[in-house]
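# An overview of the molecular structure
Here's the letter readout for the chains.
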Amino acid sequence: EREGPMACLRASFATLGGKAWAALDEETIEAKLAPLAGVSKILGSHWKALTEMNVEPADLSTIQNPTLLIYAETGTEFFEFQPLIADCWRRERPDLELILVADAGHNVHRDQPDTVNAAILRFIDDG
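First, a word on what this report is: a plain description of the structure on this page. (Residues numbered from 1 in each chain as written. Predicted model: local features only at pLDDT ≥ 70, side-chain atom pairs only at ≥ 80, totals over all residues. Heavy atoms only, no water.)

On to helix α6 (residues 82-92). Burial in α6 covers these residues: Gln-82, Pro-83, Ala-86 and Trp-89. Viewed end-on, α6 has its buried residues packed into an arc of 120°, placing them on one side of the element. The exposed set on the far side of α6, more than 90 degrees from its buried face, consists of Leu-84 and Arg-91. Residues of α6 that are buried in the fold lie against α5 (57-60), β1 (68-72) and β2 (97-101). (Buried < 20%, exposed > 50% of the residue type's maximum accessible area, 1.4 Å probe, protein only. Helix = DSSP H or I, 4+ residues; strand = E, 2+ residues; numbered from the N terminus. Arc of directions from axis to C-beta. Contact = heavy atoms within 4.5 Å.)

Spelled out as structure tokens, the structure:
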């Protein structure tokens, strides 16, 4: 927060981006961060809330069916935690439907809208 919102954005990507982000040159990093400048203003409070949140496996039991979870199939280029979250859901709540979408990143609904929309429509129709 002392260094400003863009420093928070830069630190976020450096932390979550994994090897793919670390391999980028400074010019490419700047080009990727520039369009996200507006989001940078809320990022500090977002991270603060996330780090203060304590979710235990027992908390997941409070979610009731029907529930559809949609995640990227593999570690995404810059956000490698998605498969870890999906694995946690599978382990703790195998009764919930979980779909893994190929060739998608953090914004799976934007990366593969046809696949995601079809899954949601099927889920609604089956419900």
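A few words on the pattern of salt bridges. Applying the stated criterion to the full structure yields eight salt bridges. Asp-87 is paired through a salt bridge with Arg-90; the nearest N and O atoms lie 2.7 Å apart. Of this pair, Asp-87 and Arg-90 are both found in helix α6, three residues apart, which corresponds to roughly one turn of the helix. Asp-87 sits in the partly exposed class, given a relative accessible area of 37%. When its relative accessible area of 38% is taken as the criterion, Arg-90 is described as partly exposed. Here Arg-122 and Asp-126 are joined by a salt bridge, their closest N and O atoms 3.2 Å apart. (Salt bridge = Lys/Arg side-chain N within 4 Å of Asp/Glu carboxyl O.)

On to a nonpolar patch on the surface, then. On the surface, Leu-50, Met-53 and Val-55 cluster together into a nonpolar patch covering about 270 Å² of accessible area. Residue position: Leu-50 is located in helix α4 (residues 37-52). For Leu-50, a relative accessible area of 37% translates into the label partly exposed. (Patch = residues over 30% accessible without salt bridge, like charges linked within 9 Å, V, L, I, M, F, W, Y side chains within 5 Å. Areas by Shrake-Rupley, 256 points an atom, 1.4 Å probe, with all protein chains shown as cover.)

Quick look at the pairing of β1 now. Buried residues dominate β1, accounting for four of its five residues. Judged from the five bridges that link them, β1 and β2 form a sheet pairing that is parallel. By the bridge assignment, Ala-72 is partnered in β2 with Val-101. (Pairing = 2+ DSSP bridges.)

Below, the discussion takes up the nonpolar core. Counting residues in each nonpolar core, the largest one holds eight residues, listed as Leu-68, Ala-72, Ile-99, Val-101, Ala-104, Val-108, Val-116 and Ala-119. Sorting the residues of this core by element identifies β1, β2 and α8 (113-126) as the ones contributing at least two each. Each residue touching Ala-119, except ones within four places of it in the same chain, is listed here: Leu-68 and Ile-99. (Core = buried A, V, L, I, M, F, W, Y, C linked by side-chain atoms within 4.5 Å.)

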